[in-house]
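Summary of the model geometry
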Amino acid sequence: MSGLRTTCPYCGVGCGLSVADGVPSADSAHPANYGRLCSKGAALKDTLELPDRLTTPMIEGRETGWDEALDFIAGEFTRIRREYGPDAIAFYVSGQLLTEDYYVANKLMKGFIGSGNIDTNSRLCMSSSVAGHVRAFGEDVVPGCYDDLEEADLVIQVGSNMAWCHPVLYQRLVAARDKRGTRIVNIDPRRTATAETADLHLPIAPGADVLLFNGLLVHLADTNAIDRHWIAAHVSGFDAALEAARLSAPTIEHVAAGTGMSAEDIGQFYGLFARTERVVTLYSQGVNQSKTGADKVNAILNCHLATGRIGRAGMGPFSLTGQPNAMGGREVGGLANQLAAHMAFEPDDVGRVGRFWNAPGVATRPGYKAVDLFDAVADGRVKAVWIAATNPADSMPRADRVREALAHCPLVIVSDAWPTDTTALANVVLPAASWAEKDGTVTNSERCISRQRAFRSPPGQARADWWMFVQVARRMGWETEFSYAAPADIFREHAALSAFENDGNRVFDIGALAALDDAGYDVLAPVQWPCPKAGRGSSSARLFARGMFPTRDGRAHMLPLATIADDAIAGYPLTLNTGRVRDQWHTMTRTGRVPHLMTHCSGPHLALHPRDGALRGIVDGGLACIESPHGRAVLRVVFDPGMRAGNVFAPMHWTDQFASSGPVDRIVHAITDPVSGQPDLKGTRVQVSAVTESWRGVLLVRAAGKPKLRATEHWSKAPVTAGFAYQLSGTTPLTEFIGSEASLRQLLEAPEAAELVSYSDPKKSVFRYATFVGGLLDACVFFAAPGASIAEAEHATTLLGSEVGSWNRIALLAGIDQSVAPTGKIVCACFSVGERAIRDAILDGNLTTTVEIGARLRAGSNCGSCIPELKSMLAANAASLPLTV
């Protein structure tokens, strides 16, 4: 198959892909990315043949066929619904489902099972933005588009590490700045890669965003930057909002005290905003993942509504979506507090949806939001849960409690493409098609609907998610209502529902697309909603420039917002911020299996300010124990002067399959925003203490099985070309570990016939062992003292699985055969360019710009997410740059 266009399965930017000869690459014609991809998107070709796919339905670990699995699920759902009522069943699905998958799952649960109990992992990502949009605009609508980033004179980034999390959009912004002179303000407790290119970085205290934007509203009013004509014509609630803002943020000095920043910097930000007409405010998880996330969103919206800076070119608030199809899920009602097609649980909406679906038993009230849903599983209110394309055993707050809840739930169904820590807890596992095998639509952050087109056949018995939900619905007796033959049938119904009895009351109206025939659906080009039938298919890139908000009075609503103090917990003086690293996605089911995507950040870690480390006797590169009332983990420490003192950061990605520390979300509290229900994933109070390390090591093995290590040994795993690399460290004497050949052979997973070669230098605490099978290097382990560099292991990685002669075996272990120079950390994942190559190029070529580096090495010339690091290397004395090995 060639010339096929589809979409990237990762973030909400919604980049287009072009597939030729089965290999995806960037689509230069797609309006989201115009030929760019991030490091993860560029590596999609490497994920097509990943091992360990789920290919057969299983019940209680026994392989079975689809008929038995689906009959079993339908039978159990019917029984549980009859005995305990519809609310005893729940679905927890994913922002990585396609809109068609989402639509039938939502219709089955809310329309026919009759419960609101379908929620999504988008609850953890976007629900505070949804709540803010609905409160201010009357509907969940992003008013702007990506072009606004290129037409703005001022861009505010709030709680968003765009350079790493949305690099394609970030590069569009940086390119526009170079051309236009756009000013950029970055508001984030951490000085991230994104902050490195900002004109002003505001290291705000966690949770203080409402105070900062309340103060901005006051400043705008006091400097006559308010658009009172716009407010009079289109906005309600201005006076109350301003009064509340004055109470919480009367002066810049007051704001400075509450946000922990300088009054001068705050005044500079306020002045920029006040005098710049074309201003876009981008916000993401640093805003949403908070116990006051909805208020933070509305504090931002208040400032744009008060100035009338919305819906026109180069201005407006803009929510950056994390999930690839979070917005598509919201369109169909994928959140527990939505119904469908942007309707709520109002009586008129319930009646309208019921008539359209011919579903007299449609749910009449919201269901359990994510945290509440798993609480309901834990206490037995929910007796059957279907989890689709997500991994809550790792990604939910209080992950251990979620695991315990699932372990005791009478019926857990998990549909996924690969085994996860959640499938391990399932009674029924259903093999799902992966992104390259699925056909349907997705909607990105700017309301652009794109077709995702399959270009591979699913392996084994793997099937599309929509098919599974439809088959269960039919077996429960709703054959006619779920008589879809293909995704196009579902999409037409979805589009028709959006227009049903709409009459302009709901902005989400794609009625013009309901008339697509199969051929039209196949060739559907990217289109932004709304595109109502009445408009003959014309869509709108920007909304609300002339008011006309979908509220009862047609006016936007500014909200009076108070600030709340952070709750301290005795004994837990630090605040844990969780988030993403550059090259990984969610719980690494795909990206964690691609060797070069693990080279920029190879293991879990804990970033903290050097001052916090010194106060606790923790050393940079050492181990530390992080604890909360909900769990603990031992992590490798990275000192980061860009951290705000009193705050620590840990990536969210690593699971039990990749590290001894398991998911960091087992430490995270389950406090949620009272309006949106979104978990406060960036505000857990923790304590951190030093862990004394006795030794460290690197283990290289060809076998995929987990090595036999004790609880006192800390490890993390990353794939390499010919096997796996484990970073090891221990807290007991190394002699207890290497005291016998038997224990070493067990560690190296050596067969009986394997040759064992060793090298030791006790004075330097160096102990190295390797096994050879048939002359090939099968495994090796390098041990050293705490704090030591084990650079030799990088050379060994290149030899794993290769034939190594007798002399070279000793040279390998002695570290004297260095025919291959270490590359250091991979900086550019798109083209696998390491620190050494970049350093050498800078020195040898007297390079002074990232453009020159790109021309010489290609580094930074694709997604650009490594450009901040390239700039740091250029700015430093290149000759003295140490390699990170």
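Overview of the structure. Note that the structure is predicted; figures quoted are calculated from it, not measured. (Residues numbered from 1 in each chain as written. Predicted model: local features only at pLDDT ≥ 70, side-chain atom pairs only at ≥ 80, totals over all residues. Heavy atoms only, no water.)

**Section: the nonpolar core**
Core analysis: the biggest nonpolar cluster contains 174 residues, and Phe77, Phe91 and Phe269 have the highest contact counts within it. No other element matches the nine residues that helix H8 (residues 209-222) contributes to this core. Setting aside anything within four residues of it in sequence, one finds phenylalanine 269 in contact with Ile156, Val185, Ile187, Leu200, Leu202, Leu212, Phe213 and Leu216. With 41 residues, the next largest nonpolar core counts Ala90, Val377, Ala426 and Ala670 among its residues. (Core = buried A, V, L, I, M, F, W, Y, C linked by side-chain atoms within 4.5 Å. Buried < 20%, exposed > 50% of the residue type's maximum accessible area, 1.4 Å probe, protein only. Helix = DSSP H or I, 4+ residues; strand = E, 2+ residues; numbered from the N terminus. Contact = heavy atoms within 4.5 Å.)

**A short note on the sheet that holds strand E14 (residues 384-388)**
Strands sit in the order E5-E4-E16-E15-E14-E6-E7 across an open sheet of seven strands; the sheet is mixed. This sheet does not close on itself; its edge strands, each paired only once, are strand E5 (62-63) and strand E7 (118-120). Note that strand E15 (residues 411-416) and strand E16 (residues 428-431) share four bridges and pair parallel. Residue pairing in the sheet places isoleucine 413 in a bridge with valine 428 of E16. (Pairing = 2+ DSSP bridges.)

**Overview of the sheet that holds strand E12 (residues 279-283)**
Taken in spatial order, the five strands make up an open sheet running E10-E9-E8-E12-E13, and their pairing is parallel. Only two strands of the sheet have a single partner each, and these edge strands are strand E10 (200-202) and strand E13 (316-319). The mean angle between the axes of side-by-side strands here comes to 15°, regardless of whether they run parallel or antiparallel. Of the strand pairs in this sheet, E12 and E13 are connected by four bridges, and their pairing is parallel. Residue pairing in the sheet places tyrosine 283 in a bridge with serine 319 of E13. (Axes fitted to C-alpha atoms, helices over the stretch in contact; angles between N-to-C directions.)

**Side note on the side chain of lysine 296**
Mapped onto the secondary structure, lysine 296 falls in helix H14 (residues 293-307). Each residue touching lysine 296, except ones within four places of it in the same chain, is listed here: Gly207, Asp209, Val210, Gly286, Val287 and Ser290.

**Regarding unusual backbone geometry**
Of note, the amide linkage connecting tryptophan 529 to proline 530 takes the cis form, showing an omega dihedral of 5°. Relative to the helices and strands, proline 530 is located in the loop between strand E19 (527-528) and strand E20 (556-557). Even without being a glycine, aspartate 52 presents a positive backbone phi close to 70°. Phi is positive for serine 765, close to 60°, though the residue is something other than glycine.

**Things to note about the pairing of strand E6 (residues 89-93)**
Consecutive side chains of a regular strand alternate in pointing toward one face of the sheet and then the other. Counting buried positions along E6 yields five of five residues, so the element is predominantly enclosed. Side chains Ile89, Phe91 and Val93 of E6 all project onto a buried face; the interleaved residues Ala90 and Tyr92 project onto the opposite face, where all are buried too. Pairing geometry for E6 and E14, over four bridges, is parallel. Counterpart to isoleucine 89 in the pairing with E14 is alanine 384.

**Quick word on the environment of threonine 251**
You can see threonine 251 is positioned in the loop between helix H10 (238-248) and helix H11 (252-259). For threonine 251, a relative accessible area of 37% translates into the label partly exposed. Sequence separation of threonine 251 and histidine 133 is 118 residues, and the distance between their C-alpha atoms is 28 Å.

**What about the environment of alanine 545?**
Looking at where alanine 545 falls in the secondary structure, it is placed in the loop between E19 and E20. The spatial distance from the C-alpha of alanine 545 to the C-alpha of asparagine 214 is 23 Å, given a sequence separation of 331 residues. Ignoring any residue separated from it by four or fewer positions in sequence, one finds alanine 545 in contact with Trp230, Ile310, Gly311 and Arg312.

**Some remarks on the pattern of salt bridges**
One pass over the structure, following the stated rule, counts 56 salt bridges. One salt bridge connects arginine 696 with glutamate 693, and the closest N-O pair in it is separated by 3.1 Å. Judged by its relative accessible area of 14%, arginine 696 is buried. Bridged by salt links that share partners, the residues Asp148, Glu151, Arg278 and Arg542 form one connected network. (Salt bridge = Lys/Arg side-chain N within 4 Å of Asp/Glu carboxyl O.)

**Here's the deal with the packing of aromatic side chains**
Given two aromatic rings, their pairing is described by the distance between the two centres and the angle made by the two planes. Counting across every chain of the model gives 27 aromatic pairs. A ring pair is formed by phenylalanine 112 and phenylalanine 482, whose centres lie 5.4 Å apart and whose planes are at 70°; its orientation type is edge-to-face. With phenylalanine 112 in helix H3 (residues 99-113) and phenylalanine 482 in the loop between helix H20 (465-475) and helix H21 (487-499), this pair connects stretches of sequence that are 370 residues apart. For the pair shown, phenylalanine 112 and phenylalanine 482 are each scored as buried. Ring geometry for phenylalanine 356 against phenylalanine 500: centres 5.2 Å apart, planes inclined by 55°, an arrangement best described as tilted. Residue phenylalanine 356 is found in helix H16 (residues 347-357), and its partner phenylalanine 500 is found in the loop between H21 and helix H22 (518-522); the two are separated by 144 residues along the sequence. Taking relative accessible area as the criterion, phenylalanine 500 reaches 23% and is therefore assigned partly exposed. Put simply, the rings of Phe77, Phe91, Trp386 and Phe469 touch in pairs and so form one group of aromatic residues. (Phe/Tyr/Trp six-rings, centres within 6.5 Å; stacked < 30°, edge-to-face > 60°.)

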